[in-house]
Amino acid sequence: MAKESKENSRRQFIKSGAVAIFGLAALGGGVSYLRSVNGPDDTRTPYFLRPPGAIAESDFIYGCIKCGLCVQICPIDAIKLAGIDSGLSYGTPYIDVRTQPCDFSCDSLQCVETCPTAVLDFKPYEIAGGNAIAAYQKEHDVAEVGFNPFPIQIKAMKEEVRMGRAHVNKNTCLAHQGKGFKGVSRGLDFEGVYRSPDSKFKKATPLRDIEFDRETCNLCVTECPIGETAIIFSPRRRDGKMRPKVLDACTGCGVCVMVCPTEEPSIIVDPDLTHLSSGRGRHV
Ligand code: SF4
Ligand code: SF4
Ligand code: SF4
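Predicted model only: the values in this text are computed from it and were never measured. (Residues numbered from 1 in each chain as written. Chains lettered and ligands numbered in written order. Predicted model: local features only at pLDDT ≥ 70, side-chain atom pairs only at ≥ 80, totals over all residues. Heavy atoms only, no water.)

### Things to note about the packing of aromatic side chains
In the structure shown here, the tally under the stated rule is one aromatic pair. Sitting above the plane of the Phe190 ring, Arg186 keeps its charged end 4.1 Å from the centroid. (Phe/Tyr/Trp six-rings, centres within 6.5 Å; stacked < 30°, edge-to-face > 60°. Lys NZ or Arg CZ within 6 Å of the ring centre and 35° of its normal.)

### Re the confidence of the model for the protein chain
Residue-level pLDDT values for the protein chain average 78, and 69% of them are 70 or greater. In this model residues 13-35 is a low-confidence stretch, pLDDT under 50, and it forms 21 contacts with partners more than four residues away in sequence or in other chains. This stretch, residues 274-284, has a pLDDT under 50; its non-local contacts, to residues over four places away or in other chains, come to 41 contacts. (pLDDT = per-residue confidence, 0-100. Contact = heavy atoms within 4.5 Å.)

### Considerations on the nonpolar core
Nonpolar side chains in soluble globular proteins tend to be buried together. Core analysis: the biggest nonpolar cluster contains 51 residues, and Leu120, Tyr194 and Ile267 have the highest contact counts within it. Of all elements in the fold, only helix 4 (110-114), strand 5 (193-194), helix 7 (219-222), helix 8 (255-259) and strand 10 (267-271) reach the threshold of two or more residues within this core. With five residues, helix 8 is the largest single contributor of residues to this core. Those residues in contact with Ile267, other than ones at most four positions away along the chain, are Ala166, His167, Val168, Cys220, Ile231, Val246, Cys256, Val257 and Cys260. (Core = buried A, V, L, I, M, F, W, Y, C linked by side-chain atoms within 4.5 Å. Buried < 20%, exposed > 50% of the residue type's maximum accessible area, 1.4 Å probe, protein only. Helix = DSSP H or I, 4+ residues; strand = E, 2+ residues; numbered from the N terminus.)

### Let's talk about the site of ligand 2
For ligand 2, the full set of nearby residues is Cys173, Leu174, Ala175, Cys217, Leu219, Cys220, Pro244, Cys260, Pro261, Ser266 and Ile267. Considered class by class, the residues forming the shell around ligand 2 number 10 nonpolar, one polar and no charged. (Near = heavy atom within 4 Å. Nonpolar A, V, L, I, M, F, W, Y, C, P; charged D, E, K, R; others polar.)

### Let's talk about the pattern of salt bridges
A side chain of one charge can pair with a side chain of the opposite charge if their charged atoms are brought near each other. Summed over all chains, the structure comprises four salt bridges. A salt bridge links Glu223 to Arg214, with the shortest nitrogen-to-oxygen separation between them at 3.9 Å. Judged by its relative accessible area of 2%, Glu223 falls in the buried class. (Salt bridge = Lys/Arg side-chain N within 4 Å of Asp/Glu carboxyl O.)

### What to know about the side chain of Arg98
Examined against the element boundaries, Arg98 turns out to sit in the loop between strand 2 (93-95) and helix 4. For the buried Arg98, no salt bridge exists, and the shortest N-O distance to an oppositely charged side chain is 7.5 Å, to Asp96. Among the polar contacts listed, one links the side chain of Arg98 to the backbone oxygen of Cys260, at a separation of 2.9 Å. A distance of 2.8 Å separates a polar side-chain atom of Arg98 from the backbone oxygen of Thr262. (Lys, Arg positive; Asp, Glu negative; His and termini not counted. Polar contact = N/O pair within 3.5 Å; in protein donor to acceptor, adjacent residues only side chain to side chain.)

### Thoughts on the state of the cysteines
Within the structure shown, the criterion is met by zero disulfides. Here Cys111 stays unpaired: no disulfide links it, and the sulfur of Cys106, its closest cysteine neighbor, is 6.3 Å away. Given a relative accessible area of 8%, Cys111 falls into the buried group. (Disulfide = S-S within 2.5 Å.)

### Digging into the environment of Arg214
The topology assignment puts Arg214 in strand 7 (residues 212-214). The exposure class assigned to Arg214 is buried, which follows from its relative accessible area of 18%. Separated by 2.8 Å, the side chains of Arg214 and Asn218 make a polar contact.

Rendered as structure tokens:
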């Protein structure tokens, strides 16, 4: 009898242990749904935004060896490793664009170059890079021999390595309310950096060092590292009011999300769910 009761408690112990482990794993998975692309309090975007060049999420999770080399090489600390509350994504790299986006200021996508397993990979973008070189050669009548394609290829890669796409929230966007913005957009304590298109500096500098003064807010438009193929300030058909409009070349880099001065960002990035060649759509 005593033996049977001991066996029962052992079974009970194993059962409750299994329930606890399962519960923790489920909790981890659940919390990872709340981990945001657009800041720690954002529950609107239940995905991780992976670094540039990430392959399909299902392959990425198993192929990434969590070595952290991409984290170390990034000169602006844009890449973080997901915490223990992230379910299967624990230890894998992601970018929170409200805090620190990838502004491409390393100029060579160093995270992609350094990844030892090629889960960050240039391959899906080689065609675009090749096309850009061919177009440049045609336009400038440059002979192939002796021509160094590297800078153009890198430019093409930057524009092609799509992480997601930005969307404007019309209800909170200052421009949509006809309002301007004057001041330091995220406050003097904010630590994010980027290379403003207006900057005379080659390196990224703190956002808090820049004072904006706009009659109608358009920071997301003017600070975008890709430029007018990604986002424009254009008149609304209904009333002619100027407002930001995201275009197809948006890479989802999220610089616009970082610079947006409203309390909750009025522009957010959704990881790209349709760019199948590079397998975006990472639901964690
Ligand atoms: S360098 Fe590649 S393998 Fe290493 S953590 Fe980054 S994505 Fe994963
Ligand atoms: S920065 Fe924000 S508030 Fe300003 S126009 Fe862009 S989305 Fe609207
Ligand atoms: S609009 Fe520009 S800044 Fe915003 S995510 Fe797209 S490419 Fe980046």
